[in-house]
Amino acid sequence: MAKTNAIVTASYAPDFERCKILCESMDKHATGYECHYILVDVPDLSLFRPLEGPKRKIITDRQLLPWWLYRPPKFLSPKGRRIWVSPLTVPLHGWHVQQLMRIAVAERLEVDGLMYCDSDTAFVKHFDVQTIWNGENIRFWREEGGALQAKDDHLLWKAQAGRTLGLKPDDQPVHNYVCSFVTWKRQTVLDMCAHIEQTHGRSWISVIGSSRKFSECMLYGAYVDGVLGGKGHSPHSVSLCPMFWFNPAPSTDELSTSIEQLTKEQVAIGVQSFLPFEPAAFREVVSKASASI
C-alpha cells in the first residue's frame, strides 16, 4: 500500500519571495504527496495566504504551540526582533520557534511521511515523494561523522540532542543530520516527543526550549540512531538538495553549473537566504535549468 506524505516548509516574511519560488517549482515538479503545509508566525499569515490552494495550506504558530509560549508585542522585544517567551523556556527567536513548529506539526497531520523543504530551495527535476519509502523504511539523510567536521554549532547541537534524549555522552551519534530537504516518519516524531517527556517528566517543548543551542534535525537524527538503533530508516549520504550555505554567495553561472552537475538522485538546489543572492536571479536560474533538464 502506498504511503501518505506531506511536504512541510517553515518560513517568514523576509523569505516570502523565495518561498513563492519553492511553491512554483513544487507545483511543477513534485508528485506523490497529499498537501504542502507552510508554517508561519501569525503576523505573516495575510502575506502567505495567497499561496494557499487545493494542495497547499498555511498553519500558524498559534495553531501548533502551547498557549504558554507566546510572542509579546513588538515594542517589548529587543531591537524589535520577534521573540517568544514563556515561564518554561528561555526566550526564543524565530528560528528556534520554526524548529519547534516543524516538530509540533506531526501531531496535527495524519500522514505517514513528512518531507521538510526549506523555503530558500527549489525543485529543478521531477520528484515523486513516494520514493522516500523503501517498504516500511523511510529515506534518512546522514553525513557520517559530520558533526565532528561541520561548521557552526553542530557539536553543541549534538550534545544538546543527547541531553534532551537522555543519552550518555559516549552514546551520542557523531553524524550530521542537518539538511535542506529532510524526510521523517511522522510516528517517529511523535514517539520522540513522548520519549523526551518520559525522560524529563515535562513537556517536550519546555525541554528543547531550555536552551537556544538546539537543532531539530540533529535531535531527530540522534533519536533514530541513538535510541532506535536506526530501525525504520534507510541511511543515505547524498542530499536530495545540495545547498550553498556560506559566503561567498555563488554567481548565477556557478549556480547554473551546480544544477547541471546534480546527480540522478538530486532533484533540487538551494541558496541560503542570508547570502546576497536576489530571489529574482534565483528564479531565473532555476526556471532556465528546469526547462533544459
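Residues numbered from 1 in each chain as written. Predicted model: local features only at pLDDT ≥ 70, side-chain atom pairs only at ≥ 80, totals over all residues. Heavy atoms only, no water.

(A) Examining the overall build of the protein chain more closely. Helix and strand content of the protein chain: 10 helices and 15 strands. Principal-axis analysis of the C-alpha atoms places the extent of the protein chain at approximately 55 × 45 × 40 Å. In the protein chain, once contacts between residues fewer than 6 apart in sequence are set aside, the share between residues at least 24 apart is 76%. Each charge sign in the protein chain was given a centre, from 32 positive and 32 negative side chains, and these centres are 4 Å apart. (Helix = DSSP H or I, 4+ residues; strand = E, 2+ residues; numbered from the N terminus. Contact = heavy atoms within 4.5 Å. Lys, Arg positive; Asp, Glu negative; His and termini not counted. Charge placed at Lys NZ, Arg CZ, Asp CG, Glu CD.)

(B) Quick look at the pairing of strand S3 (residues 35–40). Of all six residues in S3, six are buried, a share of seventy percent or more. Bridge analysis of strand S1 (residues 5–10) against S3 gives five bridges, and the strand direction is parallel. Within S3, the residue paired with Thr9 across the bridge is Ile38. Examined bridge by bridge, S3 and strand S4 (residues 56–60) share five bridges and lie parallel to one another. If you follow Leu39 over to S4, its bridge partner there is Ile59. (Buried < 20%, exposed > 50% of the residue type's maximum accessible area, 1.4 Å probe, protein only. Pairing = 2+ DSSP bridges.)

(C) Fine view of the sheet that holds strand S12 (residues 181–185). Reading across from one edge, S4-S3-S1-S7-S12 is the order of the five strands in this open sheet, with mixed pairing throughout. The open sheet terminates on both sides in strands that have one partner only, identified here as S4 and S12. Adjacent strand axes in the sheet meet at a mean angle of 25°, parallel and antiparallel pairs treated alike. On the sheet, helix H6 (residues 186–200) packs against strand S7 (113–117) and S12 and is oriented at approximately 75° with respect to S12. (Axes fitted to C-alpha atoms, helices over the stretch in contact; angles between N-to-C directions.)

(D) Here's a closer look at the sheet that holds strand S13 (residues 233–236). Judged by pairing direction, the sheet is mixed, and its three strands sit side by side in the order S10-S11-S13 without closing on themselves. Since the sheet does not close on itself, it has two edges, and those belong to strand S10 (133–134) and S13, each with one partner. Those strands touched by helix H8 (residues 216–227) are strand S11 (137–141) and S13, and its axis lies near 125° from that of S11.

(E) Looking closely at the packing of helix H5 (residues 154–165) against H6. The contact between H5 and H6 brings their axes to 8 Å, and the two run at 70°. Regarding the angle of H5 to H6, the classification is roughly perpendicular. Residues Arg163, Thr164 and Leu165 of H5 form the contact with H6, whose own contacting residues are Met192, His195, Ile196, Thr199 and His200. Of the residues contributing to the contact of H5 with H6, the split by class is three nonpolar, four polar and one charged. (Parallel < 35°, antiparallel > 145°, perpendicular 65-115°, else oblique. Nonpolar A, V, L, I, M, F, W, Y, C, P; charged D, E, K, R; others polar.)

(F) Geometry of H8. Taking 1.5 Å per residue, 12 residues should reach 16 Å; H8 reaches 15 Å between its end C-alpha atoms and fits that length. Extensive coverage of H8 is indicated by the burial of 10 of its 12 residues. Those residues of H8 not exposed but buried are Glu216, Cys217, Met218, Leu219, Tyr220, Gly221, Ala222, Tyr223, Val224 and Asp225. One side-chain oxygen of the residue at the start of H8 lies 3.3 Å from the amide nitrogen of Cys217, identifying that residue as Ser215. Gly229 sits one or two residues past H8 and shows a positive phi near 65°. (Expected span 1.5 Å × (residues − 1). Polar contact = N/O pair within 3.5 Å; in protein donor to acceptor, adjacent residues only side chain to side chain.)

(G) Quick peek at the environment of Leu240. Inspection of the secondary structure assignment puts Leu240 in the loop between S13 and strand S14 (243–244). Using a relative accessible area of 4% as the deciding quantity, one classes Leu240 as buried. Distance from Leu240 to Gly209, taken between C-alpha atoms, is 29 Å for residues 31 residues apart in sequence. Setting aside chain neighbours within four positions, we find Leu240 in contact with Met115, Phe127, Arg139, Phe181, Glu265, Gln266, Val267 and Ala268.

(H) Structural view of the pattern of salt bridges. In total, this model carries 16 salt bridges according to the counting rule given. The residue Glu17 makes a salt bridge to Lys20 at a minimum N-O spacing of 3.9 Å. Highlighted residues: Glu17 and Lys20, both in helix H1 (residues 16–29), separated by three residues, approximately one helical turn. Owing to a relative accessible area of 36%, Glu17 belongs among the partly exposed residues under this scheme. Relative accessible area serves as the criterion here: at 27%, Lys20 is assigned to the partly exposed category. Notably, a salt bridge pairs Lys213 with Asp153, separated by 3.0 Å at the nearest N-O pair. (Salt bridge = Lys/Arg side-chain N within 4 Å of Asp/Glu carboxyl O.)

(I) Molecular detail of the nonpolar core. Core analysis: the largest hydrophobic core is formed by 51 residues, its most contacted members being Leu39, Leu100, Ile103, Leu114, Met192 and Trp204. Examining the composition of this core, we find that seven residues originate from one element, H8, more than from any other. Those residues in contact with Leu39 that lie beyond four places of it in its chain are Val8, Thr9, Ala10, Ser11, Ile59, Leu64, Met101, Arg102 and Val105. Within the second largest apolar cluster, 18 residues are counted, among which are Leu22, Met26, Ile132 and Leu240. (Core = buried A, V, L, I, M, F, W, Y, C linked by side-chain atoms within 4.5 Å.)

(J) Molecular detail of unusual backbone geometry. Going from Asn247 to Pro248, the amide bond is cis rather than trans, its omega being 0°. By the element assignment, Pro248 lies in the loop between S14 and helix H9 (252–260).

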